[in-house]
Amino acid sequence: VMKLNPQQAPLYGDSVITVQLTEEDKVEDDVVFYLVFTGSTVQHCTSTRKINPGSLETISPGHDCCETVKVALCASREGHPVLVVAEDSFQFVQDEAYDAAQFLATCAGNQQALNFTRFLDRSRPPAADVDFLDEKVALAFRHLKLPAEWNVLGADQSLTENIPRETLMHFAVRLGLLRLTWFLLQQPGGRGALSIHNNEGATPVSLALERGYQKLHQLLTEEEAREPDSWSTLSHIVHSGDYSVKHHRGLDVYMLTAEA
């Protein structure tokens, strides 16, 4: 029996899973291990990396629904058939970051909800908490199936640009959420949000400057701004179609997802 730690992951995946091997599975260096997650409608296969002879590390895939899935640890070796060496179960759950991303996505144009996010800012969470929030909410946002007409500025596009109002971009910049800001910039309405003034006359760009967020300010103002380094802690899609492949640069792990 292998031991997975933790035995669950948020729906959006991208968290580290450690696999403890039993004595008999600790094998020679030329064996390659994979984990296969089988859900009700999709199946994932992830590569692993060895930490030491008795343990492996991988990245949890993003899943399509909350459920418990079967996980098989497979071993492959050149010239030999692939073997299933152990099995376990694993759970995909909807966590607070996912709820938060859903809440933010639905309140894109809602001034009352956005004023609540301003209220949150008064508490000024410590930097480590902000970084954690940024990573998790950006991951969750990326995993949401946003409707085709979704826009950073909300559904009501008839609002002319000169009405002062709070936007999701103000929220992301005010808290210094680099990854979320980068994500929003790529969405419809993301660039347009940069020039919108709120009731105090602040734009997301002026907020970044006022708060001394230099990296964020560069991200918003430089034509050639590339994705922030912090984004490299997340996995990236390298192929999509009938099946998708994601690569996690940090651990150099690949995740393949296909319909079961």
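Please read these numbers as outputs of a predicted model, since none were measured by experiment. (Residues numbered from 1 in each chain as written. Predicted model: local features only at pLDDT ≥ 70, side-chain atom pairs only at ≥ 80, totals over all residues. Heavy atoms only, no water.)

S.K.: Account for the sheet that holds strand 7 (residues 55-59), naming residues and giving values.
M.R.: Taking strand neighbours across the sheet as the criterion, the four strands line up as 1-3-7-6 in an open arrangement whose pairing is antiparallel. Looking along the sheet, the strands with just one partner apiece sit at the ends: strand 1 (3-5) and strand 6 (49-52). When the angles between neighbouring strand axes are averaged without regard to direction, this sheet yields 30°. In this sheet, strand 3 (residues 16-20) lies alongside strand 1 in antiparallel orientation, the contact comprising three bridges. Across the sheet, lysine 3 pairs through a bridge with glutamine 20, a residue of strand 3. (Pairing = 2+ DSSP bridges. Helix = DSSP H or I, 4+ residues; strand = E, 2+ residues; numbered from the N terminus. Axes fitted to C-alpha atoms, helices over the stretch in contact; angles between N-to-C directions.)

S.K.: Outline the pairing of strand 11 (residues 243-248), supporting the account with residue identities and numerical values.
M.R.: Of the strand pairs in this sheet, strand 10 (residues 235-239) and strand 11 are connected by four bridges, and their pairing is antiparallel. Each residue of the ladder has a partner; that of histidine 239, found in strand 11, is valine 245. Taken together, strand 10 and the strand that follows it, strand 11, pair antiparallel across an intervening segment of three residues. The pairing of strand 11 with strand 12 (residues 253-259) spans six bridges and is classified as antiparallel. Across the sheet, serine 244 pairs through a bridge with threonine 257, a residue of strand 12. Here strand 11 folds back onto strand 12 in antiparallel fashion, the turn holding four residues, of which aspartate 252 has a positive phi close to 55°.

S.K.: Explain the domain arrangement of the chain to me, using residue names and the numbers behind them.
M.R.: Structurally, the chain comprises domain 1 (3-94 + 235-259) and domain 2 (96-226). Using only C-alpha atoms to locate each centre, domain 1 and domain 2 end up separated by 33 Å. For the pairing of domain 1 and domain 2, the buried interface totals around 820 Å² over both sides, and the portion due to carbon and sulfur atoms is 54%. Inspection of the region where domain 1 meets domain 2 yields zero salt bridges. Viewed at the interface, domain 2 and domain 1 are joined by five residue pairs in polar contact (both at pLDDT 80 or more). Its residues assigned to classes, the side of domain 1 that touches domain 2 comprises two nonpolar, five polar and two charged. (Domains from an automatic or database assignment. Buried area = accessible area lost by both parts, 1.4 Å probe. Salt bridge = Lys/Arg side-chain N within 4 Å of Asp/Glu carboxyl O. Polar contact = N/O pair within 3.5 Å; in protein donor to acceptor, adjacent residues only side chain to side chain. Nonpolar A, V, L, I, M, F, W, Y, C, P; charged D, E, K, R; others polar.)

S.K.: Describe the nonpolar core, and please don't skip the residues or the numbers.
M.R.: If you look at the biggest cluster of nonpolar residues, it comprises 64 residues, and the most contacted ones within it are Phe90, Phe141, Leu168, Leu180 and Leu184. Two domains each put at least three residues into this core: domain 1 (3-94 + 235-259) and domain 2 (96-226). In contact with leucine 180, not counting residues within four places along its chain, are Asp134, Val137, Ala138, Phe141, Phe171 and Ala172. (Core = buried A, V, L, I, M, F, W, Y, C linked by side-chain atoms within 4.5 Å. Buried < 20%, exposed > 50% of the residue type's maximum accessible area, 1.4 Å probe, protein only. Contact = heavy atoms within 4.5 Å.)

S.K.: Describe the environment of valine 82, and please don't skip the residues or the numbers.
M.R.: Within the secondary structure, valine 82 sits in the loop between strand 8 (67-76) and strand 9 (83-93). Classification of valine 82 as exposed rests on a relative accessible area of 57%. For valine 82 and alanine 113, which are 31 residues apart along the polypeptide, the C-alpha to C-alpha distance reads 52 Å.

S.K.: Describe the side chain of lysine 136, with residues and values.
M.R.: Summarising the element assignment, lysine 136 is placed in helix 3 (residues 127-143). Beyond its immediate stretch of four places on either side in the chain, lysine 136 contacts Tyr12 and Ala97.

S.K.: So, helix 3: which residues are in play, and what are the values?
M.R.: Spanning 17 residues, helix 3 covers 24 Å between terminal C-alpha atoms, matching the ideal 24 Å at 1.5 Å per step. Among the residues making up helix 3, those that are buried are Val130, Asp134, Glu135, Lys136, Val137, Ala138, Leu139, Ala140, Phe141 and His143. Lining the buried residues of helix 3 we find helix 1 (96-106), helix 4 (168-174) and helix 5 (178-185). (Expected span 1.5 Å × (residues − 1).)

S.K.: Would you mind going over the packing of helix 3 against helix 5 in detail, with residue names and values included?
M.R.: At a minimum axis distance of 7 Å, the contact between helix 3 and helix 5 shows a crossing angle of 30°. It follows from the interaxial angle that helix 3 and helix 5 lie roughly parallel. On helix 5, the residues that touch Asp131, Asp134, Glu135, Val137, Ala138, Phe141 and Arg142 of helix 3 are Leu178, Arg179, Leu180 and Phe183. For the contact of helix 3 with helix 5, the residue count by class is six nonpolar, no polar and five charged. (Parallel < 35°, antiparallel > 145°, perpendicular 65-115°, else oblique.)

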